[in-house]
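Now for the letters of each chain:
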Amino acid sequence: METGAGIGLYPLHRCKTIYLVRHAQGIHNVDGEKNYKAYMSHEYFDAELTQLGWQQVDSLRKHVHSSGLHKKVELVISSPLMRTMQTAVGVFGGEGYTDMSDVLPLMVANAGNSSRAAISSLNCPPIITEESCREHLGVHPCDQRRSISDYQFLFPAVDFSLIESDEDKLWKADVRETIDELAARGKKFLNWLWTRKEKEIAIVTHSGFLFHTLNALQNECHPDVKKEICSHFANCELRSMVIVDRSMLGSDVSVTDYPGKIPKGIDLPSDAVVEDNIKGE
């Protein structure tokens with residue numbers, strides 16, 4: 001059996017499956033696609049989803065459940081902006097919330113002018129936020145976040161413990177993050193994933209972050225694969241990928257490998273016996 005030049009092997013425990021999701025349509029996307037200058041408008045500060053965006057969330061949620069993906073995802077990581085968190089809880093959150101004093105909802109009713117009922121935190125993976133997968137930082141008000149204390153009221157069961165500052169200290173009104181800086185931040189984020197124990201992780205983030213991060217890694221891919229992973233994401237698009245720990249950053253021990261020879265016994269391979277006989281001639 002011949003093997004292609006691009007085929008290789010790698011230990012499973014040094015791989016993670018990631019599900020990359022761009023947020024659903026935000027109010028800034030509608031005018032921004034017609035006129036780029038619209039992204040400069042303060043009207044779109046921390047832009048929330050449109051009603052069409054929520055329909056896109058519903059469609060992706062159906063796919064995630066029909067494909068069985070909701071049973072595989074161990075953790076959801078979201079950029080801490082309104083549109084990404086709305087997408088994350090809408091796609092991966094629990095079913096309809098019923099008011100229980102001992103269980104907080106992932107999202108309260110009508111959060112971000114959504115006209116949506118509260119979303120349950122039961123029977124779903126944990127959802128955490130992380131600053132390093134935010135959109136291109138600076139200048140555009142739609143990419144500036146609110147205070148974490150404001151978000152905690154709107155998304156009570158979302159974990160914000162990784163966010164160091166209540167106020168947004170990363171976004172600057174007059175300084176735009178360079179593409180190289182964004183790509184470096186994206187690589188750092190992927191390396192950080194190796195500090196996590198989870199093997200199947202969903203990341204809900206932004207178009208610019210995804211495009212520039214994936215393009216920074218494209219030199220390691222076959223040309224056909226580059227086209228597949230490096231194009232711009234549509235609103236609420238999901239792509240499944242595997243990342244490999246070539247630098248040995250991870251320290252996980254395989255949970256599926258088995259050492260064999262239990263109970264112990266003589267098990268010298270036949271080809272080794274042949275080699276020994278050849279050497280002895």
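Parameters and conventions
- Residues numbered from 1 in each chain as written.
- Predicted model: local features only at pLDDT ≥ 70, side-chain atom pairs only at ≥ 80, totals over all residues.
- Heavy atoms only, no water.
- UniProt positions renumbered as here; feature names shortened; annotations may be inferred.
- Helix = DSSP H or I, 4+ residues; strand = E, 2+ residues; numbered from the N terminus.
- Buried < 20%, exposed > 50% of the residue type's maximum accessible area, 1.4 Å probe, protein only.
- Contact = heavy atoms within 4.5 Å.
- Areas by Shrake-Rupley, 256 points an atom, 1.4 Å probe, with all protein chains shown as cover.
- Axes fitted to C-alpha atoms, helices over the stretch in contact; angles between N-to-C directions.
- Parallel < 35°, antiparallel > 145°, perpendicular 65-115°, else oblique.
- Left-handed = near helix turned anticlockwise from the far one by under 90°.
- Nonpolar A, V, L, I, M, F, W, Y, C, P; charged D, E, K, R; others polar.
- Phe/Tyr/Trp six-rings, centres within 6.5 Å; stacked < 30°, edge-to-face > 60°.
- Lys NZ or Arg CZ within 6 Å of the ring centre and 35° of its normal.
- Core = buried A, V, L, I, M, F, W, Y, C linked by side-chain atoms within 4.5 Å.
- Pairing = 2+ DSSP bridges.
- Expected span 1.5 Å × (residues − 1).
- Arc of directions from axis to C-beta.
- Polar contact = N/O pair within 3.5 Å; in protein donor to acceptor, adjacent residues only side chain to side chain.

The protein chain is annotated in an unreviewed UniProt entry as Phosphoglycerate mutase-like protein 1 from Microthlaspi erraticum. Quoted verbatim from the Sequence similarities (unreviewed entry) field of UniProt, the annotation for the protein chain is "Belongs to the phosphoglycerate mutase family." Checking UniProt for the protein chain, the heading Function (unreviewed entry) contains the comment "May play a role in carbohydrates metabolism."

1. Examining the overall build of the protein chain
For the protein chain, the count of helices and strands is nine helices and five strands. Each helix and strand of the protein chain, placed in order from N terminus to C terminus, yields the pattern β-α-α-α-β-α-β-α-α-β-α-α-β-α. Every one of the 281 residues in the protein chain was classed for burial, and the buried ones make up 46%. Expressed as a percentage of contacts within the protein chain between residues at least 6 apart in sequence, the contacts between residues at least 24 apart total 78%. Counting only carbon and sulfur atoms, one obtains 54% of the accessible surface of the protein chain, whose full area is about 15700 Å².

2. Thoughts on the packing of helix H2 (residues 51-66) against helix H4 (residues 82-92)
A pair of packed helices can be characterised by two numbers: the angle between their axes and the separation between those axes. The interhelical angle for the contact between H2 and H4, taken along N-to-C directions, is 40 degrees, at an axis separation of 8 Å. Judged on the interaxial angle alone, H4 and H2 are oblique. Note that H2 runs across H4; the crossing there is right-handed. Across the interface between the two elements, Trp54, Val57, Leu60, Arg61 and Val64 from H2 touch Gln86, Thr87, Val89, Gly90, Val91 and Phe92 from H4. Of the residues contributing to the contact of H2 with H4, the split by class is seven nonpolar, three polar and one charged.

3. Some thoughts on the packing of aromatic side chains
Counted according to the given criterion, the structure contains four aromatic pairs. Relative to phenylalanine 160, the ring of tyrosine 151 has its centre 6.2 Å away and its plane inclined at 10 degrees; by these criteria the two rings are stacked. Each member of the pair, tyrosine 151 as well as phenylalanine 160, carries the same accessibility label: buried. For the ring pair phenylalanine 189 and tryptophan 192, a centre distance of 5.8 Å and an interplane angle of 35 degrees mean the geometry is tilted. With phenylalanine 189 and tryptophan 192 both in helix H6 (residues 179-193) and three residues apart, this pair spans about one turn of that helix. Given the relative accessible area of 2%, phenylalanine 189 is considered buried. Taken together, the ring pairs in this structure connect Phe189, Trp192 and Phe209 into an aromatic cluster. The lysine or arginine in question, arginine 239, covers the ring of phenylalanine 233, its NZ or CZ lying 3.8 Å from the ring centre.

4. Here we look at the nonpolar core
Where a protein is soluble and globular, its nonpolar side chains tend to be buried together. By size, the foremost hydrophobic cluster in this structure holds 34 residues, and its most contacted members are Val76, Val89, Phe92 and Phe155. Secondary-structure elements contributing two or more residues to this core are strand S1 (15-22), H2, H4, helix H5 (148-154) and strand S4 (200-205). Looking at this core element by element, the count peaks at six residues for H4. Every residue in contact with phenylalanine 92, bar those within four places of it in the chain, is listed here: Val21, Arg61, Val64, Val73, Val76, Cys124, Pro125, Ala202 and Val204.

5. Things to note about the sheet that holds S1
Sheet architecture is open: five strands sit in the order S3-S2-S4-S1-S5, paired in mixed fashion. Both edges of this open sheet fall to strand S3 (127-129) and strand S5 (238-244), since each of them pairs with a single strand only. Here the strands of the sheet are splayed against their neighbours by 25 degrees on average, with no regard to which way each runs. Here H4 sits on the sheet in contact with S1, strand S2 (75-78), S3 and S4, set at roughly 140 degrees to S4.

6. Digging into the packing of H6 against helix H7 (residues 207-216)
Taken N-terminus to C-terminus, the directions of H6 and H7 make an angle of 80 degrees; their axes are 8 Å apart at the nearest point. Taken together, the axes of H6 and H7 lie roughly perpendicular to each other. Contacts between H6 and H7 pair Ile179, Leu182, Ala183, Arg185, Gly186, Lys187, Phe189 and Leu190 from the former with Gly208, Phe209, His212, Thr213 and Ala216 from the latter. In terms of residue class, the contact of H6 with H7 is made up of seven nonpolar, four polar and two charged.

7. Things to note about H2
Structurally, the α-helix is built with 3.6 residues per turn, so residues lying three or four positions apart point the same way. With 16 residues, H2 should reach 22 Å at 1.5 Å per residue; the first-to-last C-alpha distance of 23 Å fits that figure. For H2, the complete set of buried residues consists of Gly53, Trp54, Val57, Leu60, Arg61 and Val64. Considered in projection along H2, the buried side chains sweep an arc of 120 degrees and stay on one side of the axis. Residues of H2 that are exposed and angled more than 90 degrees away from the buried face: Lys62 and Ser66. Among the structural elements, S1, helix H3 (69-72), H4 and S5 are those in contact with the buried residues of H2. At the N-terminal boundary of H2, the capping side chain belongs to threonine 50, with an oxygen 3.4 Å from the backbone nitrogen of leucine 52. Immediately downstream of H2, the backbone of glycine 68 shows phi near 80 degrees, a positive value.

8. A short note on the environment of alanine 109
If you trace the backbone, alanine 109 turns up in the loop between H4 and S3. Sequence-wise, alanine 109 and tyrosine 97 are twelve residues apart; in three dimensions their C-alpha atoms are separated by 9.4 Å.

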